[in-house]
Amino acid sequence: MSQLVPNSPLEASAEHDPDSKTMFGFWVYIMTDCVLFASLFATYAVLHNNTFGGPSGNELFSLPFVLAETLILLTSSFTCGLAMLAARKRSEAQVIFWFIVTAVLGLAFLSLELKEFTHLVHEGNSWQRSGFLSAFFTLVGTHGLHISVGLMWMGVLITQVVRRGLPKATVRRLALLSLFWHFLDIVWIFIFTIVYLMGALRV
Amino acid sequence: MSSHLPTPAQPEASHGSLRMYVTGFMSSVVLTLLAYALVVNHLFSTRAVLACIAVLAVVQFFVQLVFFLHVGKESKPRWNITALLFMLLVVVIVVFGSLWIMNNLNYNGMTPTQTDQFIEKDEGL
């Protein structure tokens, strides 16, 4: 076994770039998170017609509102990419600027989502109303929870950059965060399509 | 995720360029608006619109994988892609498997009258 270790591909790439091991580990976590979301999507797909006499998706959702949410999150994914470009160039001011823009857009998205949730609950359409709404709140709420965690993480890293600049370890952390943030945007594509657009089509 | 010159300031090939991010962003916006317009205007039959927005979502998924996450840019032992493909396999099994099983359970749980109605509605008999 010990003879195989230096030749194993992971070791070889780790020699070139020790960060690649960390990145791969985080990538595997993200893949498992995709499986988590897939099971929530499957639950939603199974339950989306079980409204128990309550309202269905096309009576509840406002498409222009959701389109705004989608474009805000998409833009934040883009500005996160710009922040990473700045981090590779070791440009501290730009990193801070673009991550603050990303965080503000993320906060805007989250507040819109919470506004939608409180509106639904006030109208009596909470997760207790029907199987459809339970599945809806679980799926979209889990995404929102991820966004909240991402925002806290972003806050911590912005503070780190302000205080200590951009040593290699911080750039690695920023790279992991950007991976996470892009991943959340990808999950939202499917929430937008499957929950909101297909819900509006009444299928 | 590896480069031939592992100096800290070296921009690595796997991290993309401004052009990649702009291309990814622009095409994602176009794909999103296209899907939205299709649903709002309802130009075709429900089934056709459904197929179109599903395809648009999958296309956008790949656009973001390539332009934002830089999948496929890593060097030879492609562990990231291997993990991604395995994840996709699990996701397909979980989602379509659940739908298949639950549909079947729904069908088997029907009373004979419901079954007749279902067959009438579903197969147009």
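Residues numbered from 1 in each chain as written. Chains lettered and ligands numbered in written order. Predicted model: local features only at pLDDT ≥ 70, side-chain atom pairs only at ≥ 80, totals over all residues. Heavy atoms only, no water.

### Focus: the confidence of the model for chain B
All names here are of chain B.
No. 1: Scored by pLDDT, chain B has a mean of 85; 86% of the residues are at 70 or more.
No. 2: Long-range and interchain partners of residues 1-13, a stretch whose pLDDT sits below 50, account for 21 contacts in this model, where long-range means more than four residues apart.
No. 3: The ipTM, which scores confidence in the relative placement of chains, is 0.87 for this predicted complex, and the corresponding pTM is 0.87. (pLDDT = per-residue confidence, 0-100. Contact = heavy atoms within 4.5 Å.)

### Points about the packing of helix α4 (residues 63-88) of chain A against helix α7 (residues 168-200) of chain A
Residue and element names in this part refer to chain A.
No. 1: With their axes 10 Å apart at the nearest point, α4 and α7 run at an angle of 160° to one another. When the axis of α4 is compared with that of α7, the two are roughly antiparallel. Every pair of crossing elements has a handedness; the one defined by α4 and α7 is left-handed.
No. 2: A per-class count over the contact of α4 with α7 returns 18 nonpolar, six polar and three charged. (Axes fitted to C-alpha atoms, helices over the stretch in contact; angles between N-to-C directions. Helix = DSSP H or I, 4+ residues; strand = E, 2+ residues; numbered from the N terminus. Parallel < 35°, antiparallel > 145°, perpendicular 65-115°, else oblique. Left-handed = near helix turned anticlockwise from the far one by under 90°. Nonpolar A, V, L, I, M, F, W, Y, C, P; charged D, E, K, R; others polar.)

### A closer look at the nonpolar core
No. 1: A:Phe99, A:Phe136, A:Leu174, A:Trp188, A:Ile191, A:Tyr196 and B:Ile53 are the most contacted members of the largest nonpolar core, which has 94 residues in total.
No. 2: Those elements that provide at least two residues to this core are α2 (19-47), α4, α5 (92-122), α6 (131-164) and α7 of chain A together with α1 (18-41), α2 (46-67) and α3 (79-108) of chain B.
No. 3: If near-sequence neighbours (up to four positions away) are discounted, A:Phe99 is found in contact with A:Cys80, A:Ala83, A:Met84, A:Met154, A:Ile158, A:Leu174 and A:Leu177. (Core = buried A, V, L, I, M, F, W, Y, C linked by side-chain atoms within 4.5 Å. Buried < 20%, exposed > 50% of the residue type's maximum accessible area, 1.4 Å probe, protein only.)

### Observations concerning the pattern of salt bridges
Residues and elements named next belong to chain A.
No. 1: On inspection of all chains with the given rule, the structure shows two salt bridges over all chains.
No. 2: The salt bridge partner of Asp19 is Arg172, with a shortest N-O separation of 3.8 Å. Taken together, the residues span a long stretch of sequence, with Asp19 in helix α2 and Arg172 in helix α7 at a distance of 153 residues.
No. 3: One continuous salt-bridge network, built from bridges that share partners, spans Asp19, Lys168 and Arg172. (Salt bridge = Lys/Arg side-chain N within 4 Å of Asp/Glu carboxyl O.)

### Describing the environment of B:Val66
All names here are of chain B.
No. 1: With respect to the element layout, Val66 can be found in helix α2.
No. 2: Looking at Val66, the relative accessible area reads 36%, which means it is partly exposed.
No. 3: Considered as a pair, Val66 and Gly16 are 50 residues apart in the sequence and their alpha carbons are 9.4 Å apart.
No. 4: With sequence-adjacent residues up to four places away left out, Val66 is seen in contact with Met20 and Val71.

### Focus: the interface of chain B and chain A
No. 1: Contacts between the two partners involve 49 residues from chain B and, on the opposite side, 44 residues from chain A.
No. 2: With both sides pooled, the region where chain B packs onto chain A buries about 4,300 Å², and carbon together with sulfur makes up 83% of that total.
No. 3: When residues of chain B are sorted by the area they lose upon contact with chain A, B:Tyr21, B:Tyr36 and B:Leu69 head the list and together hold 14% of the total.
No. 4: There are zero salt bridges connecting chain B and chain A.
No. 5: At the level of secondary structure, the elements contributing two or more residues to the side of chain B that touches chain A comprise α1, α2 and α3 of chain B.
No. 6: In terms of residue class, the side of chain B that touches chain A is built from 35 nonpolar, 13 polar and one charged. (Buried area = accessible area lost by both parts, 1.4 Å probe.)

### Quick notes on the packing of α7(A) against α1(B)
No. 1: Contact pair α7(A) / α1(B): the axes reach a minimum separation of 10 Å and the direction vectors enclose 10°. In terms of orientation, α7(A) lies roughly parallel with respect to α1(B). Across the interface between the two elements, A:His182, A:Phe192, A:Leu197 and A:Ala200 of α7(A) pack against B:Tyr21, B:Thr32, B:Ala35, B:Tyr36 and B:Val39 of α1(B).
No. 2: Across the contact of α7(A) with α1(B), the residue classes tally to seven nonpolar, two polar and no charged.

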